[in-house]
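# Structural overview for review
Residues per chain, in single letters:
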Amino acid sequence: MTTPPFAIRGVIEGFYGHPWTHQQRLEMIDFIGARGMNSFMYSPKDDRLLRERWRDPYDAEALARLSELVERCGRHDIEFGWCISPGLSICYSDPGDLAALRAKIDRGLELGAGRVGLFLDDIPTELQYQADVQAFSSLLQAQVALVNAVRAALPADVPLLVCPTEYWGRGTESSLAELAAALDPAVDLFWTGRAICSATLDLDDARAFERTAGRPPMYWDNYPVNDVAMGYELHIGPYRGRDPELWRASRGVVANAMELFEASKIPLATIADYLADPTGYDPETSWQRAMRDVVGEADLEAFALFADNVRSSCLEAADAPIVEGVLGRALFELEYGDADAAVASLRDLADRLLAAAAHLLRGPVANQQLMQEIRPWLAAFEVGAEALSELADLAAAGRLDEDGPAMLAPFLIRLRRARVRVFGDALEMTLSVLSGTMFRPGEVP
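Reference entry: report on the structure contained in this document. Since the structure is predicted, the reported quantities are computational estimates derived from the model, not experimental observations.

## Remarks on the overall build of the protein
Looking only at helices and strands, the protein has 16 helices and 8 strands in total. Relative to the 2.2 N^0.38 estimate, which gives 22 Å for 445 residues, the radius of gyration of the protein is 25 Å and therefore close to what a compact globule would have. Burial analysis of the protein (445 residues in total) assigns 56% to the buried set. Partitioning the contacts of the protein with sequence separation of at least 6, the portion at a separation of at least 24 is 76%. Looking at the protein as shown, the accessible area adds up to about 18400 Å², and 52% of this sits on carbon and sulfur atoms. Of the side chains in the protein, 41 bear a positive and 67 a negative charge, and the two mean positions are spaced by 3 Å.

If you want it as C-alpha cells, here you go:
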C-alpha cells in the first residue's frame, strides 16, 4: 500500500459546544482509524479542565476515561494529542502558573499522550496582569517565553504543537515571523489558512508560511465544524478546495469536527480520502461512499437528495444545485415557454423531496442517531418540499399570480423561523418574489 503523503492526518475535537461523550470519542477513534487517519487531538473548547479551569487536576474517573482513549488510539496506530488552552487566565510571569501547566502536561504524558498541544487561540490580545506588563514588552514576548519553557520541560521525543493567537492569514504576517524566529524550529505551529474557515488551502500559501515561519504549517482545518455563527448550517458536504499538492509544504491536516457527532462522520470520511490520496481524490465520489457508509444503502437515495440541499459552507459555491436548477428552468418556462413542462418538473421534484423527507423523518431509517441530530434541518427540508408542491399546484391551476402571495408566504415564514439553512437562497428567493414578502437579512418574522 502506498504511504499517504501527509505525515499527520487526523481529527481534533476542538469545537465550541457540548463536548462529545466518552463513548462517542471511542467510536470516532475506531472510525478514523479504519480510514487511515493517524491523529486524534483532544481539545473540546467547553472542557473546563482544559481551558477555563486548566490549573485543576482531573479526578480518577476522568483520568481512567482519558487513559482508555489513549489505549484505543494505540490499537489503530493513532497518536493521541493532549492539548491545553491556558491563555484565558495564565499569568505568564508567575512561576506557580508555569508549574501548574507543567503538572497538567505531565499528567497527559503519564497517560501515554504522544503529542502535546499548547493552544493560545481565542484569547485577549493584550496582557491581562500587571506583573506580565512589567515583565514582558508584549503578549507575543510572553508567549514565546511560555512556549520555550514548555518545550524545555518536555522529553525530547515528545512533539510540541502550538496554536498562536493569530492563527490565520496569508502566512506572511510580521507577528508570525517574530514568533517563529524565537521558537525552536521543531515546534509545530497551527494555521487555518487565509481565513478562520478557509475556502481553499493552497500550496503557494503553505510555502509562503514556510518561508516566514521557517517550518511548514500544521493545518487546523475548520471544516466541518459549524459552531458559533455557523450553527444554522449543516456541514455534511464533501471536502473540497484543498490543493492536491498541499502535502509538499505542510506537516499535515487535522479537521475540526462538529458537535453533531454522527453527522461529522460523513465529511470526515471524505477528508480521510483526500489525506490518503490527494491527487486521486474526487469529492463527489468520496461523498457518495461516505454517505453510504454512515447512512446505509437502504436509506442512501433519500438521504443523498436531502444532503444535496444542505451543501452550504465556506467550501461550497452551490447551496442546492438540484433545486436551484429545476426552479430556474421552471420559472423561465412558466413565463416564456412550455408551462406544462414546467409544472411537470416542479411536481416531480416536489414529490421526490416529500418522499425523502417523509422517509427520513418518520420511516424505518437505520441510523436514527443521525436523524435525531439533524432533525431541525430535516423538518425545514420537508417545509421546503411542501412549498414546492404548493407552487406546482398553483402553476398547474394557472393561479400563481392571483393566489401566490397568500399561499406561499406562510412557507417562507416557516422556513425563516426554522433558523437553519436548507436549499440555500434558491427557494427563499423564489418564495419571496412570488409571494411579495421580503425580509431583511437575518430577519425572523
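## Focus: the nonpolar core
Counting 138 residues, the largest nonpolar core has Phe40, Phe80, Tyr92, Phe303, Phe306 and Ile374 as its most contacted members. Per-element accounting of this core gives the leading share, 11 residues, to helix 14 (residues 375-396). Ignoring sequence-local partners within four residues, the contact set of Tyr92 consists of Gly87, Leu120, Ile123, Leu127, Asp132, Phe136, Leu139, Ala142, Gln143 and Leu146.

## What about the packing of helix 6 (residues 174-181) against helix 7 (residues 203-213)?
It is at 8 Å that the axes of helix 6 and helix 7 come closest, and there the two elements cross at 50°. In terms of their interaxial angle, helix 6 and helix 7 are classed as oblique. Together, Leu176, Ala177 and Ala180 of helix 6 and Phe209, Thr212 and Ala213 of helix 7 make up the contact between the two elements. Split by residue class, the contact of helix 6 with helix 7 holds 5 nonpolar, 1 polar and no charged.

## Brief notes about the sheet that holds strand 4 (residues 115-119)
Within a sheet, adjacent strands bond to each other through the backbone by hydrogen bonds, running parallel or antiparallel. Spatial ordering of the closed barrel is given by 1-2-3-4-5-6-7-8, a layout of 8 strands whose pairing is parallel. Ignoring strand direction, the axes of neighbouring strands in this sheet form an average angle of 25°. Lying over the sheet, helix 2 (residues 60-75) contacts strand 2 (39-42) and strand 3 (79-84), oriented at roughly 145° with respect to strand 3. Contacts between helix 3 (residues 95-111) and the sheet are confined to strand 3 and strand 4, with strand 3 contributing the most and set at about 165° to the helix.

## As for the pattern of salt bridges
With the rule as written, the count across this model stands at 35 salt bridges. A salt bridge links Arg248 to Glu245; the shortest N-O distance between them is 2.3 Å. Through salt bridges that share partners, Arg240, Glu284, Asp308, Arg311 and Glu316 make up one connected network.

## Focus on the environment of Gly171
You can see Gly171 is positioned in the loop between strand 5 (160-163) and helix 6. Since its relative accessible area comes to 0%, Gly171 is described here as buried. Each C-alpha atom of the pair Gly171 and Lys265 lies 30 Å from the other, and the pair is 94 residues apart in sequence. Those residues in contact with Gly171, other than ones at most four positions away along the chain, are Leu176, Trp191, Ala208, Phe209 and Thr212.

## Regarding the environment of Asp293
Here Asp293 lies in helix 9 (residues 283-295). Taking the C-alpha atoms as reference points, Asp293 and Leu69, separated by 224 residues in sequence, lie 23 Å from one another.

## Re the state of the cysteines
Per the stated rule, a full pass over the model turns up 0 disulfides. With no disulfide of its own, Cys83 lies 9.8 Å from the sulfur of Cys163, the closest cysteine sulfur. Among the residues examined, Cys163 registers a relative accessible area of 3% and is labelled buried.

## Focus: the packing of helix 9 against helix 10 (residues 300-307)
With their axes 10 Å apart at the nearest point, helix 9 and helix 10 run at an angle of 125° to one another. With respect to helix 10, the axis of helix 9 lies oblique. The way helix 9 lies across helix 10 gives a crossing that is right-handed. For the pair helix 9 and helix 10, contact is made by Trp287, Gln288, Met291, Arg292 and Val295 and by Leu300, Phe303, Ala304 and Ala307, respectively. Considering only residue class, the contact of helix 9 with helix 10 consists of 7 nonpolar, 1 polar and 1 charged.

## Observations concerning the side chain of Ser264
With respect to the helices, strands and loops of the structure, Ser264 is situated in helix 8 (residues 261-276). The class for Ser264 is buried, based on a relative accessible area of 0%. In this structure the side chain of Ser264 is engaged in a polar contact, spanning 3.0 Å, whose partner is the backbone nitrogen of Met258. Excluding residues that lie within four positions of it along the chain, Ser264 makes contacts with Trp20, Ala257 and Met258.

## Remarks on helix 10
Counting buried positions along helix 10 yields 7 of 8 residues, so the element is predominantly enclosed. Buried within helix 10 we find Leu300, Ala302, Phe303, Ala304, Leu305, Phe306 and Ala307.

## Here we look at the packing of aromatic side chains
Scanning all chains against the criterion turns up 16 aromatic pairs. With centroids separated by 5.6 Å and ring planes inclined at 45°, the aromatic side chains of Phe6 and Tyr274 adopt a geometry described as tilted. With Phe6 in the segment before strand 1 (8-13) and Tyr274 in helix 8, this residue pair connects regions lying 268 residues apart in the sequence. Given a relative accessible area of 1%, Tyr274 falls into the buried group. When the centroid spacing of 5.8 Å and the interplanar angle of 55° are considered together, the rings of Tyr58 and Trp82 count as tilted. In this pair, Tyr58 sits in the loop between strand 2 and helix 2 while Trp82 sits in strand 3, placing the two residues 24 residues apart along the sequence. Like Tyr58, the residue Trp82 is buried in the burial classification.

What counts as what
Residues numbered from 1 in each chain as written. Predicted model: local features only at pLDDT ≥ 70, side-chain atom pairs only at ≥ 80, totals over all residues. Heavy atoms only, no water. Helix = DSSP H or I, 4+ residues; strand = E, 2+ residues; numbered from the N terminus. Rg over C-alpha atoms; globule rule 2.2 N^0.38 Å. Buried < 20%, exposed > 50% of the residue type's maximum accessible area, 1.4 Å probe, protein only. Contact = heavy atoms within 4.5 Å. Areas by Shrake-Rupley, 256 points an atom, 1.4 Å probe, with all protein chains shown as cover. Lys, Arg positive; Asp, Glu negative; His and termini not counted. Charge placed at Lys NZ, Arg CZ, Asp CG, Glu CD. Core = buried A, V, L, I, M, F, W, Y, C linked by side-chain atoms within 4.5 Å. Axes fitted to C-alpha atoms, helices over the stretch in contact; angles between N-to-C directions. Parallel < 35°, antiparallel > 145°, perpendicular 65-115°, else oblique. Nonpolar A, V, L, I, M, F, W, Y, C, P; charged D, E, K, R; others polar. Pairing = 2+ DSSP bridges. Salt bridge = Lys/Arg side-chain N within 4 Å of Asp/Glu carboxyl O. Disulfide = S-S within 2.5 Å. Left-handed = near helix turned anticlockwise from the far one by under 90°. Polar contact = N/O pair within 3.5 Å; in protein donor to acceptor, adjacent residues only side chain to side chain. Phe/Tyr/Trp six-rings, centres within 6.5 Å; stacked < 30°, edge-to-face > 60°.

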